[in-house]
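Breakdown of the fold
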Amino acid sequence: MTITIIIILCTLLLLAYVFDISSPLTKIPSVILLLVLGWLFHRVLDFFDIVPPDLNVLLPILGTIGLILIVLEGALEVELNQSKISVIKKSSLMAVLTLVVLALSLGYIIHARENVPFRIALLNAIPFCVISSSIAIPSVKNLPQKDKEFVIYESSLSDIFGVLLFNFVAVNHFIHAKTIGLFFVQLLLMFSISFVSVAGLSLLLSRNKHHITYSPIILMVILIYAGSKILHLPGLLFILIFGLFLGNLDELKRFKWINYFKPERLDTEVAKFKDITAEATFLIRALFFMLFGFLLQTQEIINLETLPWAVAIAFGIVITRWIALWLLKLPVLPLLFIAPRGLITILLFLAIISIESIPFVNSSLVIQTIIISVLFMMIGLVIFKPSMIGK
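Residues numbered from 1 in each chain as written. Predicted model: local features only at pLDDT ≥ 70, side-chain atom pairs only at ≥ 80, totals over all residues. Heavy atoms only, no water.

With that settled, consider the pattern of salt bridges. Summed over all chains, the structure comprises five salt bridges. With a shortest N-O distance of 2.3 Å, Glu356 and Arg119 are connected by a salt bridge. Linking Glu356 in the loop between α15 (343–351) and α16 (363–383) with Arg119 in helix α5 (residues 118–125), this pair joins segments that are 237 residues apart in sequence. The buried category is assigned to Arg119, whose relative accessible area is 11%. (Salt bridge = Lys/Arg side-chain N within 4 Å of Asp/Glu carboxyl O. Helix = DSSP H or I, 4+ residues; strand = E, 2+ residues; numbered from the N terminus. Buried < 20%, exposed > 50% of the residue type's maximum accessible area, 1.4 Å probe, protein only.)

Structural data, given as structure tokens:
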């Protein structure tokens, strides 16, 4: 039985790898194929009357680890220098503008429709307002460099701002000047913790002579994030600062204090660390989406009651995005299409406690919105090829 499970797991992950490398050619986002693969595997077990164990408990665990690794991987790829200031400013404005406008609009609609407090409505709305960097970034490999950079910045920042906003609304039952002030105090505290942690982890990375180096660092990153969550601090801020520090060592070499971290050795170790992080992110992301597809029920996917609302939410995402692109004087194509929902949406949805969940915002609405947004991106990238966009 153990050998059978190992064979099945290895086969599924190898198929996930095939999906990942073929995605730029087929234009089919790997997340769609992973969800289908997980769903089909469950149907095969049903056909042979095999009852699988309850795997629901694994979903939030894989999702949380996936979130940490995805944000870390994105932060390691972000370059901070003079030439990037313009794209960083515009991508930040784009991420914040679309997140806030969508969250407030959808929150008000849920508030009016379900007759629930606006805070609860907003909490249930936020998961639909966050771009999935785990889907967006791998899907733009064939786009021009400037568009690719914008997507990396925007989707990574959307993840971070979205989780920060969600945590703020979830923790504070009443939003007023005092809670906002407390939130900024928490940010400052997290900044302080982050700088100390980043310094310690960077020293470990540059000075550790043991043959096992990267696993302890990744484990400590996860541990610091988990500890910050217990203290209700924005842990993703630490992940972002750590990734940005390691990914921009060349920009920091003009400061004398950086020599304490042995930047030449650290450069070599960071290059290896990026590779390890990318490998780990692929495995966790693949397992998460396959497991989510495995746990999906057919009636959740074809639920006709939620489908019109899923289409309406997807349409709202597109309209809001088009207006934001126009206001910021950014090229509408192909950026209009690249706003998929995915892992962060699922993870935030699962994080809503039962007494604050709304029957209207259910797994059917979530999965349908994700699928529609991903299919819209896929169709857009197929129709508007890079050569056509440049004309």
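A word on the nonpolar core. One finds Leu67, Ile239, Phe242, Phe273 and Phe289 to be the most contacted residues of the largest nonpolar core, which totals 122 residues. By residue number, the principal contributor to this core is helix α12 (residues 263–295), which donates 13 residues. With near-sequence residues (within four places) excluded, Phe289 lies in contact with Val31, Leu34, Leu35, Ser134, Ile135, Gly342, Leu343 and Ile346. (Core = buried A, V, L, I, M, F, W, Y, C linked by side-chain atoms within 4.5 Å. Contact = heavy atoms within 4.5 Å.)

Let us now look at the confidence of the model for the chain. Averaged over all residues, the pLDDT of the chain equals 84, while 97% of them reach at least 70. When the elements of the chain are averaged for pLDDT, helix α17 (residues 386–389) gives the smallest value, 48, and helix α14 (residues 307–327) the largest, 95. (pLDDT = per-residue confidence, 0-100.)

Another point: the side chain of Thr369. Position of Thr369 relative to the elements: it lies in helix α16. Exposure remark for Thr369: the relative accessible area of 1% places this residue in the buried category. Polar contacts involving the side chain of Thr369 include one to the main-chain carbonyl oxygen of Leu365, which spans 2.7 Å. Every residue in contact with Thr369, bar those within four places of it in the chain, is listed here: Phe128, Ala310 and Ile313. (Polar contact = N/O pair within 3.5 Å; in protein donor to acceptor, adjacent residues only side chain to side chain.)

Our focus in this paragraph is the packing of aromatic side chains. Each aromatic ring pair is summarised here by two numbers: the centre-to-centre distance and the angle between the ring planes. If you walk through the whole model with that rule in mind, you get 11 aromatic pairs. Their ring planes at 20° and their centres at 6.2 Å tell us that Phe191 and Phe195 sit as a pair that is stacked. Here Phe191 and its partner Phe195 are both found in helix α8 (residues 177–207), four residues apart, which amounts to about one turn of the helix. In this structure Phe195 comes out as exposed when scored by relative accessible area, which is 51%. Each ring, one from Phe242 and one from Phe273, has its centre 6.1 Å from the other, and the planes form 70°; the classification is edge-to-face. Taken together, the residues span a long stretch of sequence, with Phe242 in helix α10 (residues 235–247) and Phe273 in helix α12 at a distance of 31 residues. (Phe/Tyr/Trp six-rings, centres within 6.5 Å; stacked < 30°, edge-to-face > 60°.)

This part is about the environment of Val151. The residue Val151 is located in helix α7 (residues 145–171) in this model. Taking relative accessible area as the criterion, Val151 reaches 2% and is therefore assigned buried. When the C-alpha positions of Val151 and Ala75 are compared, they lie 13 Å apart, and in sequence the two are 76 residues distant. Excluding residues within four positions of it along the chain, Val151 makes contact with Ala136, Ile137, Val140, Ser156, Leu335 and Ile338.

Attention now goes to empty space enclosed by the protein. Per the stated rule, a full pass over the model turns up four cavities of 30 Å³ or more. The volume enclosed by the largest cavity comes to roughly 130 Å³. In this structure, the largest cavity is lined by 14 residues; those nearest its centre are Pro24, Lys27, Ser139, Asn142 and Leu381. Sorting the residues of the lining of the largest cavity by element identifies α1 (2–26) and α6 (133–139) as the ones contributing at least two each. Its residues assigned to classes, the lining of the largest cavity comprises nine nonpolar, three polar and two charged. Its volume calculated, the second largest cavity comes out at about 110 Å³. Around the second largest cavity, the lining comprises 14 residues; the ones closest to its centre are Ser30, Ser134, Ile135, Pro138 and Ser139. Listing elements by their share of the lining of the second largest cavity, those giving two or more residues are α1, α2 (30–47), α6 and α12. Here the element with the most residues in the lining of the second largest cavity is α6; it accounts for four residues. The class makeup of the residues in the lining of the second largest cavity is seven nonpolar, four polar and three charged. (1 Å grid on protein atoms, 1.4 Å probe; cavity = no way out; pocket = protein on both sides within 12 Å on 5 of 7 lines; lining within 4 Å. Points joined across faces, edges and corners; volume = space filled by probe spheres on them. Nonpolar A, V, L, I, M, F, W, Y, C, P; charged D, E, K, R; others polar.)

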